[in-house]
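# Coordinates in review
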Amino acid sequence: MQKLKGVRSMEIIGHRGAAGTCPENTMVSFQRAIEEGASGIELDVHLSQDGEIIVIHDETVDRTTDGKGYIGELTYKDIRKLNAKYKFKEHNKCMVPSLPEVFEWAKEETFFINIELKNNVIEYPLLEWKVIDLVHQYGLKDRIVFSSFNHNSLARVLSYDSRFETAVLYSHKLFEPWHYAKHLGSDGLHPNSRNVTEVVVKAAHKEGLKVRPYTVNKKEEMLEMKKAGCDAIVTDYPKRAIELLK
Ligand code: G3P
Ligand code: MG
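Our subject in this report is the structure included herewith.

Calculation notes
- Residues numbered from 1 in each chain as written.
- Chains lettered and ligands numbered in written order.
- Predicted model: local features only at pLDDT ≥ 70, side-chain atom pairs only at ≥ 80, totals over all residues.
- Heavy atoms only, no water.
- Helix = DSSP H or I, 4+ residues; strand = E, 2+ residues; numbered from the N terminus.
- Rg over C-alpha atoms; globule rule 2.2 N^0.38 Å.
- Buried < 20%, exposed > 50% of the residue type's maximum accessible area, 1.4 Å probe, protein only.
- Contact = heavy atoms within 4.5 Å.
- Donors = N, O, S within 2.8 Å, 3.2 Å for Na, K, Ca; no water.
- Phe/Tyr/Trp six-rings, centres within 6.5 Å; stacked < 30°, edge-to-face > 60°.
- Lys NZ or Arg CZ within 6 Å of the ring centre and 35° of its normal.
- Patch = residues over 30% accessible without salt bridge, like charges linked within 9 Å, V, L, I, M, F, W, Y side chains within 5 Å.
- Areas by Shrake-Rupley, 256 points an atom, 1.4 Å probe, with all protein chains shown as cover.
- Salt bridge = Lys/Arg side-chain N within 4 Å of Asp/Glu carboxyl O.
- Near = heavy atom within 4 Å.
- Polar contact = N/O pair within 3.5 Å; in protein donor to acceptor, adjacent residues only side chain to side chain.
- Expected span 1.5 Å × (residues − 1).
- Arc of directions from axis to C-beta.

Turning to the overall build of the protein chain, a few remarks are in order. Helix and strand counts for the protein chain stand at 9 helices and 9 strands. Relative to the globule expectation of 18 Å for 246 residues, the C-alpha radius of gyration of the protein chain, 17 Å, shows essentially globular dimensions. For the protein chain, the spread of C-alpha atoms along the three principal axes comes to 50 × 40 × 35 Å. Counting across all 246 residues of the protein chain, residues that qualify as buried make up 57%. For the protein chain, restricting intrachain contacts to residue pairs at least 6 apart in sequence, the fraction spanning at least 24 positions comes to 54%.

Only Glu42 (OE), Asp44 (OD) and Glu116 (OE) from the protein coordinate the magnesium ion (ligand 2), and they sit 1.9 to 2.2 Å from it. Read in sequence order, the donor residues coordinating the magnesium ion (ligand 2) give the pattern E-x1-D-x71-E. A residue pair is termed long-range when its members are at least 10 positions apart, and Asp44 in strand 2 (residues 40–47) and Glu116 in strand 4 (residues 112–117) qualify at 72 residues. For the pair shown, Asp44 and Glu116 are each scored as buried.

Below, the discussion takes up the packing of aromatic side chains. In this structure the tally under the stated criterion is 6 aromatic pairs. For the ring pair Trp105 and Phe111, a centre distance of 4.9 Å and an interplane angle of 40° mean the geometry is tilted. We note Arg143 situated over the ring of Phe111; from NZ or CZ to the ring centre the distance is 5.4 Å. For the cation-ring pair, Arg240 lies above Tyr237, with the distance from its terminal atom to the ring centre recorded as 3.9 Å.

Turning our attention to a nonpolar patch on the surface. A contiguous nonpolar surface patch, about 300 Å² in accessible area, is contributed by Leu126, Trp129 and Tyr160. Along the chain, Tyr160 falls in helix 5 (residues 151–160).

As a further point, take the site of ligand 1. Close contacts around ligand 1 come from His15, Arg16, Glu42, Asp44, His57, Glu116, Lys118, Phe149, Leu169 and Tyr214, and that covers them all. Between an oxygen atom of ligand 1 and a side-chain N or O atom of His15, the distance comes to 2.7 Å. Within the side chain of Glu42, one N or O atom sits 2.6 Å away from an oxygen atom of ligand 1. When ligand 1 is considered free in solution it has 290 Å² of accessible area, and contact with the protein chains removes 90% of it.

If you trace the backbone, Glu90 turns up in the loop between helix 2 (76–80) and helix 3 (99–106). Classification of Glu90 by relative accessible area gives exposed; the value is 60%. Remark: the alpha-carbon pair of Glu90 and Cys22, spanning 68 residues in sequence, is separated by 9.5 Å.

Glancing now at the side chain of Ser98. Of note, Ser98 is situated in the loop between helix 2 and helix 3. Once residues within four sequence positions are removed from consideration, Ser98 is found in contact with Glu52, Ile53, Val55, Tyr76 and Arg80.

Here helix 4 (residues 127–138) is 12 residues long and its end C-alpha atoms lie 17 Å apart, about the 16 Å a rise of 1.5 Å per residue gives. Within the sequence span of helix 4, burial applies to Leu127, Glu128, Val131, Ile132, Leu134 and Val135. All buried residues of helix 4 lie within an arc of 160° about the axis, which places them on one face of the element. Those residues of helix 4 that are buried lie in contact with strand 2, strand 3 (53–55), helix 3, strand 4, strand 5 (144–148) and helix 5. Of the residues one or two after helix 4, Gly139 is the one with positive phi, at around 65°.

Here it is as structure tokens:
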């Protein structure tokens, strides 16, 4: 395999855990990513009808569970009854986790957690505040990076507590995103990998920003991101990335 001499190391973040091989955003997926050697996990959060922080990607439970309905219209008890193994037939029943459940496990470990606030389609009142409060309860502040496609939400995080690390999540090309992120008071860029070039990474680094593209699953692209100088990649296949890049 091609060796990239003089290129600094790049962290591996498990996207929704190890979503390529496990049911996404479940405990088994997060644990698998860490077992495989990822230095962090990415997860998505919404609020249930009764205000519990639910770890799931979509606004509804339809795609990833055997149930139906919007997270915001279901209670935590309703959601816990569902089976979230969906297309992974070989897995046992797994539940949709709450953020406290993830934190209970994470508090014994050292990896970092990228919490993606999934409020770009539905705004959940006080989502940021509830998550921040929980992070403080568990003493995990220094291991958290907040990201969101809803940049107003990142601004809210920073207005509640400016000590939090945040990163601007974006899927389309932005003009000089490093200036935008700095203006927001953010610490990083989380672009779709198609928006990453060496120029973007260099300019971001000059501003002191971290660059962690998503979702980098193909080997060639993993190598490209490393060559461009990215600080981390977010991947469904942590094992693949670690074996390739070690
Ligand atoms: O945070 C990176 C990535 O998770 C953003 O896209 O749709 O997979 O949540 P999505
Ligand atoms: Mg996400």
